[in-house]
Amino acid sequence: RDNQQVVTYSPEAIRQLTRLQMFDVLCCQIDRNVSNRFVTYEVVGKNVLITGVQGIDNDIAFGKMSYQELNEKPDGVNMLPVFEVDNMCTIPALDAKMVTNLSALEDELVIHAMSDLLSEKEIEALLDRIKGVKKTIECSMEKKPGLVVNPDEWTEEVIERFTQRQVNKAYADMRPYKQ
């Protein structure tokens, strides 16, 4: 990679990034690192525009860690950023479609969908994480009205929220690998 190269993010890439972060918290994917995600990008002159992000290698997902336990682990232990501090979401913006889908998710559906895949304790932990994420989002929305962003509203202003906050390196370092 050329040292003069600047990496920037499209609004869609930022939206996908937030979805991946929330997915990882819900599923307790504690091994997200720069090797466990793909990015799509365009080269614009000497610069790189990240246009999308996708998580891969979810082998360590799920498990028995509760929402509280997950949020007590500092970044670097589990490689997963803390989702909430003092009942406030640490992600600067959330995808409205994912929040709507999560809000409508019922325990019975989760149990039915996951009972052949996870143990009873893993399902209990998953339900606890879902409950914790829902509660954090609800509390955060009251104090941060612009937290939940509709698909057509992922603008430069939303991207600026991400550049103003330090985020977990597994999510923030989205440079493409040198080919």
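Check the entry above for the structure.
Residues numbered from 1 in each chain as written. Predicted model: local features only at pLDDT ≥ 70, side-chain atom pairs only at ≥ 80, totals over all residues. Heavy atoms only, no water.

Draft legend 1. Spotlight on the overall build of the protein. When its secondary structure is counted, the protein shows seven helices and seven strands. Ordered by position from N to C terminus, the α and β elements of the protein give β-α-β-β-α-β-β-β-α-α-α-β-α-α. Looking at the protein as a whole, 42% of its 179 residues are labelled buried. Residue pairs in contact within the protein that sit at least 24 positions apart in sequence constitute 77% of those at least 6 positions apart. Split by element, the accessible area of the protein, about 10,100 Å² in all, is 51% carbon and sulfur. (Helix = DSSP H or I, 4+ residues; strand = E, 2+ residues; numbered from the N terminus. Buried < 20%, exposed > 50% of the residue type's maximum accessible area, 1.4 Å probe, protein only. Contact = heavy atoms within 4.5 Å. Areas by Shrake-Rupley, 256 points an atom, 1.4 Å probe, with all protein chains shown as cover.)

Draft legend 2. Up close: the environment of Leu105. In this fold, Leu105 is placed in the loop between helix H3 (96–104) and helix H4 (107–114). A sequence separation of 25 residues divides Leu105 from Ile130, and the C-alpha atoms of the two residues are 8.7 Å apart. Setting aside anything within four residues of it in sequence, one finds Leu105 in contact with Val110, Ile130 and Lys134.

Draft legend 3. Molecular detail of the pattern of salt bridges. The tally for this structure, following the rule as stated, stands at four salt bridges. Across the pair Glu12 and Arg15 runs a salt bridge, and its minimum N-O distance is 2.8 Å. Placement of the pair is Glu12 and Arg15 together in helix H1 (residues 11–27), with a separation of three residues, close to one helical turn. Measuring nitrogen to oxygen at the nearest pair gives 3.3 Å for the salt bridge that ties Asp95 to Arg15. With Asp95 in strand S6 (residues 94–95) and Arg15 in helix H1, this residue pair connects regions lying 80 residues apart in the sequence. Overlapping salt bridges bring together Glu12, Arg15, Arg19 and Asp95 as one network. (Salt bridge = Lys/Arg side-chain N within 4 Å of Asp/Glu carboxyl O.)

Draft legend 4. Expanded view of the packing of H1 against helix H5 (residues 120–143). The N-to-C vectors of H1 and H5 enclose an angle of 135°; their axes lie 8 Å apart at closest approach. With respect to H5, the element H1 is oriented oblique. For the pair formed by H1 and H5, the contact residues are Met22, Val25, Leu26 and Cys27 on the first element and Leu126, Arg129, Ile130, Val133 and Ile137 on the second. When grouped by side-chain class, the residues that make up the contact of H1 with H5 number eight nonpolar, no polar and one charged. (Axes fitted to C-alpha atoms, helices over the stretch in contact; angles between N-to-C directions. Parallel < 35°, antiparallel > 145°, perpendicular 65-115°, else oblique. Nonpolar A, V, L, I, M, F, W, Y, C, P; charged D, E, K, R; others polar.)

Draft legend 5. Quick peek at unusual backbone geometry. Despite not being glycine, Cys28 has its phi angle at roughly 55°, a positive value. Relative to the helices and strands, Cys28 resides in the loop between H1 and strand S2 (37–44). Given the relative accessible area of 1%, Cys28 is considered buried. The backbone of Phe62 shows a phi angle near 75°, a positive value even though the residue is not glycine. By the element assignment, Phe62 lies in the loop between strand S3 (47–55) and helix H2 (67–72). On the accessibility criterion, Phe62 (21% relative accessible area) is partly exposed.

Draft legend 6. Broad picture of the side chain of Ser140. Inspection of the secondary structure assignment puts Ser140 in helix H5. Reaching out from Ser140, the side chain makes a polar contact with the backbone oxygen of Thr136 at a distance of 2.7 Å. If sequence neighbours within four positions are ignored, Ser140 has contacts with Asn87, Met88, Cys89 and Leu147. (Polar contact = N/O pair within 3.5 Å; in protein donor to acceptor, adjacent residues only side chain to side chain.)

Draft legend 7. Representation of the environment of Gln21 within the structure. Position of Gln21 relative to the elements: it lies in helix H1. For the pair Gln21 and Gly55, spaced 34 residues apart in sequence, the C-alpha separation works out to 9.3 Å.

Draft legend 8. Just the pairing of S3, in detail. Note that strand S1 (residues 7–9) and S3 share three bridges and pair parallel. Bridging across to S3, Tyr9 finds its partner in Ile50. Relative to S3, S2 runs antiparallel, the two sharing eight bridges. Of the residues in S3, the one forming a bridge with Thr40 is Gly52. Counting the residues between successive antiparallel strands, the hairpin from S2 to S3 contains two residues, one of them, Gly45, with a positive phi of roughly 65°. (Pairing = 2+ DSSP bridges.)

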